[in-house]
Amino acid sequence: MPQPEAKSSKPLLKRISLTTWIFIALVLGVVVGFLMQGVPDVAATYIKPLGTIFLNLLKFICVPLVLFSIICGVVSLDDARKVGSIGGRTIVLYLLTTVFAVCIGLLFANLLNVGAGYTLSTEELTYEVAESPSFIETLVNIFPSNFLDPMVQATMLQVIVVALFFGFGIMFVGEKAAIVKDFCIAMSEVCMKVMQGILYMAPIGVFGLLVPVVAQNGPDILGPLMWLIAVMAIACVVQVGIVYTGLIKFLARRSPLAFLKGELPVMSFAFASASSMGTLPINMECAEKMGVSKEVTSFVLPLGATINMDGTSIYQGICAVFIAQVFGIDLTLGAQVTIVLTALLASIGTAGVPGSGMIMLALVLGSAGLPLEGIALVAGVDRLLDMLRTTVNVTGDGAVAQVVDAMEKRKLAKGGRS
Ligand code: ASP
């Protein structure tokens, strides 16, 4: 495109990429948040709505985006076996990364003695434990009993199931369903365009989400739980720096640095919003920008935003050890294995919205025989922990999408059927 000759400020602003803008907004959000600590109400009243509007827009586009993308993904694979192959790989990778995550959480929590230096005071134990669903309930809840309900409630796992059924339906009907297929393809394109429009507001959204959180919580909140937050941060860095970069380097055979750079807007937004579901459209956009095929992004990422919560699993491992240490309970190896298994299930059942990981923590603590009241100890810093775990959650989805894409492309290059 020819550049205008006049040296106005517009071209300079335009030359800064959206990624950089989001990052600038992140830093600015933290700085302004700290400056507004004396007036958190002002931040909540006047700045928070900017973030809420942006998050609402992302949530609104999420359901049609996922519905039509997955239908198109299935239809474009035009072979049930290919859907099975991508689906199978995706699920295995999601399960493996989650097992790694919870093990890393447990390992660091034990090694670094996460509960050290924390003394329990009895007034802290007044948390009302929200009920978390059982495994069977989680399984049954995947299947909708109504077509519209999942769309209205935005229960994404059910939306995915509806999309898969319709995708296969269109595929098997063939020629007669051509008009429905074209409609879905067109709708998917329209949703992508709408989403791109919404994403232009991402820097404002990040700023609006972050300022009130920092202004309200401030550094005092860290206090006695500083070590817990530090251990969580270390484990998250290890998960991203070793597990995901390892996946990208050895399984996808791509550059980990390029991946992390391309994923930066996704990570920034996840950190600010603490919502995997809200970050899903950005993750899809960035993955496609990095060259991941549409058929992979449209299937792997929505599924990941729903069932793959590696950061949440790290958090659950660490919190379990923290609570055990604080209450002076010896966590046996058997109990830790139980934690790995239940954290895996909890990861599937955790909704990609702020705070849901803490509700699922009850399931993990209960399975290991730990006191549920312990949740009260970590509830005060949950938002901060949520920001960290959501960042890892979405990065894990992005990494798996890269691997599945690379594997599919290698298979295709070899001339093999998927
Ligand atoms: N907020 C997290 C997410 O959206 C879920 C959680 O609370 O752990 O991925």
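Below, the structure is looked at part by part. Because the structure is predicted, anything quoted here is derived from the model rather than measured.

### Points about the overall build of the chain
The secondary structure content of the chain amounts to 18 helices and zero strands. When each of the 418 residues of the chain is scored for burial, the buried share is 52%. Long-range contacts, defined here as pairs at least 24 residues apart, represent 85% of the contacts in the chain between residues at least 6 apart. Accessible area for the chain stands at about 18,800 Å²; split by element, carbon and sulfur atoms hold 69% of it.

### Examining the state of the cysteines
Inspection of the entire model under this criterion finds zero disulfides. Cys72 carries a free sulfur, and the closest cysteine sulfur to it, the one in Cys184, is 5.8 Å from it. Assessed through its relative accessible area of 12%, Cys72 is described here as buried.

### Some words on the pattern of salt bridges
Under the counting rule described, the total for this entry stands at five salt bridges. The partner of Arg389 in a salt bridge is Asp382, with the nearest N and O atoms 3.1 Å apart. Taken as a pair, Arg389 and Asp382 share a single burial class, namely buried. The closest approach of N and O atoms between Lys409 and Asp405, which form a salt bridge, is 2.9 Å. Of this pair, Lys409 and Asp405 both sit in helix H18 (residues 382-413), four residues apart, which is roughly one turn of the helix. Given the relative accessible area of 35%, Lys409 is considered partly exposed. In this structure, a network of salt bridges that share partners links the residues Arg254, Asp405 and Lys409.

### Quick notes on the site of the ligand
Neighbouring the ligand are 17 residues, the closest being Ser276, Thr312, Gly357, Asp386 and Arg389. A distance of 2.9 Å is found between a nitrogen atom of the ligand and a backbone nitrogen or oxygen belonging to Ala274. A distance of 3.1 Å is found between a nitrogen atom of the ligand and a backbone nitrogen or oxygen belonging to Val353. Alone, the ligand offers 270 Å² of accessible surface; in the complex the protein occludes 100% of this. Sorting the residues of the shell around the ligand by element identifies helix H16 (356-367) and H18 as the ones contributing at least two each. Per-element tally for the shell around the ligand: the top contributor is H18, with four residues. A breakdown of the residues in the shell around the ligand according to their chemical character gives five nonpolar, 10 polar and two charged.

### Thoughts on the packing of helix H15 (residues 333-349) against H16
Closest axis-to-axis distance for the H15/H16 pair is 9 Å, and the angle between their directions is 160°. By the criterion of interaxial angle, the relationship of H15 to H16 is roughly antiparallel. In terms of crossing hand, the pair formed by H15 and H16 is right-handed. Each of Thr338, Ile339, Thr342, Ala343, Ala346 and Gly349 in H15 lies in contact with H16, whose residues at this interface are Met360, Leu363, Val364 and Ser367. Counted by class, the contact of H15 with H16 contains six nonpolar, four polar and no charged residues.

### Considerations on the nonpolar core
Ranked by size, the top nonpolar core spans 133 residues in total, and within it Leu228, Val300, Ile318 and Phe322 carry the most contacts. Considering every element that reaches this core, the biggest residue donor is helix H3 (residues 40-77), with 17 residues.

### Brief notes about helix H7 (residues 156-173)
The terminal C-alpha atoms of H7 lie 25 Å apart, and with 18 residues this matches the ideal 26 Å at 1.5 Å per residue to within 8%. Inspection of H7 places Met156, Leu157, Gln158, Val159, Ile160, Val161, Val162, Ala163, Gly167, Ile170 and Met171 among the buried residues, and these make up the whole buried set. Once H7 ends, the next one or two residues include Gly174, with phi positive near 75°.

### Here's the deal with the packing of aromatic side chains
Scanning the model with the defined rule gives four aromatic pairs in all. Ring centres of Phe168 and Phe172 lie 6.1 Å apart, and the angle between their planes is 15°; on these two criteria the pair is classed as stacked. Of the two residues, Phe168 and Phe172 are both situated in helix H7; the distance of four residues between them amounts to about one turn of the helix. Using a relative accessible area of 22% as the deciding quantity, one classes Phe168 as partly exposed. On the accessibility criterion, Phe172 (63% relative accessible area) is exposed. Sitting above the plane of the Tyr315 ring, Arg389 keeps its charged end 4.0 Å from the centroid.

### Some points on the side chain of Ser69
Structurally, the position occupied by Ser69 is in helix H3. Exposure remark for Ser69: the relative accessible area of 2% places this residue in the buried category. In this structure the side chain of Ser69 is engaged in a polar contact, spanning 2.5 Å, whose partner is the backbone oxygen of Leu65. Residue contacts for Ser69: discarding those within four places in its chain leaves Pro64, Ser188, Met284 and Ser298.

### Looking at the packing of helix H14 (residues 310-326) against H15
Describing two packed helices takes the angle between their axes plus the distance from one axis to the other. For the pair H14 and H15, interaxial distance at closest approach is 9 Å and the crossing angle is 140°. Taken together, H14 and H15 sit at an angle that is classed as oblique. As for how H14 packs across H15, the hand of that crossing is right-handed. Counting all contacts with H14, which are made through Ser313, Gln316, Gly317 and Ala320, the residues of H15 involved are Ile339, Ala343, Ala346 and Ser347. In terms of residue class, the contact of H14 with H15 is built from four nonpolar, four polar and no charged.

Calculation criteria
- Residues numbered from 1 in each chain as written.
- Predicted model: local features only at pLDDT ≥ 70, side-chain atom pairs only at ≥ 80, totals over all residues.
- Heavy atoms only, no water.
- Helix = DSSP H or I, 4+ residues; strand = E, 2+ residues; numbered from the N terminus.
- Buried < 20%, exposed > 50% of the residue type's maximum accessible area, 1.4 Å probe, protein only.
- Contact = heavy atoms within 4.5 Å.
- Areas by Shrake-Rupley, 256 points an atom, 1.4 Å probe, with all protein chains shown as cover.
- Disulfide = S-S within 2.5 Å.
- Salt bridge = Lys/Arg side-chain N within 4 Å of Asp/Glu carboxyl O.
- Near = heavy atom within 4 Å.
- Polar contact = N/O pair within 3.5 Å; in protein donor to acceptor, adjacent residues only side chain to side chain.
- Nonpolar A, V, L, I, M, F, W, Y, C, P; charged D, E, K, R; others polar.
- Axes fitted to C-alpha atoms, helices over the stretch in contact; angles between N-to-C directions.
- Parallel < 35°, antiparallel > 145°, perpendicular 65-115°, else oblique.
- Left-handed = near helix turned anticlockwise from the far one by under 90°.
- Core = buried A, V, L, I, M, F, W, Y, C linked by side-chain atoms within 4.5 Å.
- Expected span 1.5 Å × (residues − 1).
- Phe/Tyr/Trp six-rings, centres within 6.5 Å; stacked < 30°, edge-to-face > 60°.
- Lys NZ or Arg CZ within 6 Å of the ring centre and 35° of its normal.

None of the figures reported here should be taken as evidence of function without further support.
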